[in-house]
Amino acid sequence: LPISTEVRYIFREIYNWCAIRGLTRGTPYYFHNQMGKINVLSIAMQYFRIPQTVVTIKHHGVSSLGRDEIIAKSLASEISSERTVLATTLVRVDELHPDYPWYLQHKIDSDWDVTVFQCGQSLFSFKRSRHDLKGLDWRTEQKFDHNVQEWFPFELIESDTSKLLALSNQLKIDFGRYDFMLCSKTNELIFLEYNANGQWVFLDYHNQYGLLNQVVKYLS
């Protein structure tokens, strides 16, 4: 077995040792293995609009997406043996291998990505312009430069705040990051996904908006 497999097992043991003794905070590392992205989507659609979505093998059900632009995403979001990942990619259905399990959605027309970091009952919402993107997925173009601000505060309306907290309550979580797009036509939030252990420091490198203070308070 690869040594990485054994090391991951050891850290799972340590995590669960702490969990048994009530020493953990945040969302369990196994949240997505237990819940899954599609189940999260099915719950989120009770609160927000979601993209038309199909998970398919042999292209079954793809016709329900119609003739609109279609994107492919990864269910597992894992790094391949070639050290690559599948980012959000515009695709043509007739070019997709029918034996591969595809996670497909309608492309959302949007000028802004919106992400909301939840820490306890506090929500920190930010937006990023899509005007300078060369592709569809901002993650592939993020600079991770402490001196470059790419995300700026975004004010959630009261109803969206209430819906997000209700969604978190139903998912039984109080930590993580939600990703949305701001629909160009309706100016409403379109739910994309929940990141149980999503990165958040890049939203507030210099603790200008209090994210670090809130996380320290949450953990302590």
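Above this text sits the structure in question.
Residues numbered from 1 in each chain as written. Predicted model: local features only at pLDDT ≥ 70, side-chain atom pairs only at ≥ 80, totals over all residues. Heavy atoms only, no water.

Peer 1: Go over the overall build of the protein, please, and point to the residues and values.
Peer 2: Summing up its helical and strand segments, the protein has 5 helices and 9 strands in all. Walking the protein from its N terminus toward its C terminus, one meets helices and strands in the order α-α-α-β-β-β-β-β-β-β-α-β-β-α. Since a compact globule built from 220 residues should have a radius of gyration of about 17 Å, the 18 Å found for the protein is in line with a globular shape. Dimensions of the protein, computed from the C-alpha atoms along their principal axes, are close to 50 × 50 × 35 Å. Relative to its 220 residues, the protein shows a buried fraction of 39%. Taking the contacts inside the protein whose residues are at least 6 apart along the sequence as the reference set, 64% of them involve residues at least 24 apart. Roughly 13,400 Å² of accessible area belongs to the protein as shown, and the carbon and sulfur atoms make up 53% of that amount. Measuring between centres, the 23 positive side-chain charges of the protein sit 3 Å from its 25 negative side-chain charges. (Helix = DSSP H or I, 4+ residues; strand = E, 2+ residues; numbered from the N terminus. Rg over C-alpha atoms; globule rule 2.2 N^0.38 Å. Buried < 20%, exposed > 50% of the residue type's maximum accessible area, 1.4 Å probe, protein only. Contact = heavy atoms within 4.5 Å. Areas by Shrake-Rupley, 256 points an atom, 1.4 Å probe, with all protein chains shown as cover. Lys, Arg positive; Asp, Glu negative; His and termini not counted. Charge placed at Lys NZ, Arg CZ, Asp CG, Glu CD.)

Peer 1: Would you mind going over the sheet that holds strand 2 (residues 70-73) in detail, with residue names and values included?
Peer 2: Here we have 4 strands laid out as an open sheet, ordered 1-4-2-3, and antiparallel in their pairing. What marks the edges here is a single partner per strand, and that holds for strand 1 (53-56) and strand 3 (89-91). Here the average twist between neighbouring strands, direction ignored, is 35 degrees. Looking at chain direction, strand 2 and strand 3 are connected through 3 bridges and run antiparallel. Bridge assignment links Ile71 to a residue of strand 3, and that residue is Leu90. The strands touched by helix 3 (residues 37-44) are strand 1 and strand 4 (102-106); relative to strand 4, the strand with the most contacts, the crossing angle is about 25 degrees. (Pairing = 2+ DSSP bridges. Axes fitted to C-alpha atoms, helices over the stretch in contact; angles between N-to-C directions.)

Peer 1: Give a description of the pattern of salt bridges that names residues and reports values.
Peer 2: For the structure on display, the rule yields 15 salt bridges. When the shortest N-O distance is used, the salt bridge between Asp174 and Arg25 registers 3.7 Å. Here Arg25 lies in the loop between helix 1 (3-20) and helix 2 (31-35) and Asp174 lies in the loop between helix 4 (158-171) and strand 8 (175-183), a separation of 149 residues in the sequence. With a relative accessible area of 25%, Asp174 lands in the partly exposed category. Under the relative-accessibility criterion, Arg25 is labelled partly exposed at 44%. Residue Asp113 is joined to Arg130 by a salt bridge in which the shortest nitrogen-to-oxygen separation is 2.6 Å. A residue pair is termed long-range when its members are at least 10 positions apart, and Asp113 in strand 5 (residues 110-119) and Arg130 in the loop between strand 6 (122-129) and strand 7 (152-153) qualify at 17 residues. (Salt bridge = Lys/Arg side-chain N within 4 Å of Asp/Glu carboxyl O.)

Peer 1: Summarise the packing of helix 3 against helix 4; cite the residues concerned and give the values.
Peer 2: Taken N-terminus to C-terminus, the directions of helix 3 and helix 4 make an angle of 135 degrees; their axes are 10 Å apart at the nearest point. Taken together, the axes of helix 3 and helix 4 are oblique relative to one another. Between helix 3 and helix 4 lies a crossing whose hand is right-handed. Here Val40, Ile43 and Ala44 of helix 3 lie close against helix 4, whose contacting residues are Leu167, Gln170 and Leu171. Split by residue class, the contact of helix 3 with helix 4 holds 5 nonpolar, 1 polar and no charged. (Parallel < 35°, antiparallel > 145°, perpendicular 65-115°, else oblique. Left-handed = near helix turned anticlockwise from the far one by under 90°. Nonpolar A, V, L, I, M, F, W, Y, C, P; charged D, E, K, R; others polar.)

Peer 1: Break down the side chain of Lys37 for me, with residues and values.
Peer 2: Structurally, Lys37 can be placed in helix 3. At 3.2 Å, the side chain of Lys37 and the backbone oxygen of Leu75 are in polar contact. Ignoring sequence-local partners within four residues, the contact set of Lys37 consists of Ser74, Leu75, Ser77, Tyr103 and Glu193. (Polar contact = N/O pair within 3.5 Å; in protein donor to acceptor, adjacent residues only side chain to side chain.)

Peer 1: Any chance you could break down the layout of surface pockets for me, citing the residues and the numbers?
Peer 2: Roughly 1,100 Å³ of volume is contained in the largest pocket. Around the largest pocket sit 33 residues that line it, and Lys37, Ala76, Ser77, Arg139 and Asn195 are the ones nearest its centre. Per element, the largest residue contribution to the lining of the largest pocket is 3 residues, and it comes from strand 9 (residues 189-195). Here the residues of the lining of the second largest pocket are counted per class, giving 4 nonpolar, 2 polar and 6 charged. (1 Å grid on protein atoms, 1.4 Å probe; cavity = no way out; pocket = protein on both sides within 12 Å on 5 of 7 lines; lining within 4 Å. Points joined across faces, edges and corners; volume = space filled by probe spheres on them.)

Peer 1: Run through the pairing of strand 6, naming residues and quoting values.
Peer 2: Pairing between strand 5 and strand 6: 8 bridges, direction antiparallel. Residue pairing for strand 6: Trp112 is matched across the bridge by Ser129. Counting the residues that bridge the hairpin from strand 5 to strand 6 gives 2 residues, and of these Gly120 lies at a positive phi of roughly 65 degrees. Here strand 6 pairs with strand 7 via 2 bridges, running antiparallel. Following the sheet pairing, Phe126 is matched in strand 7 by Pro153.

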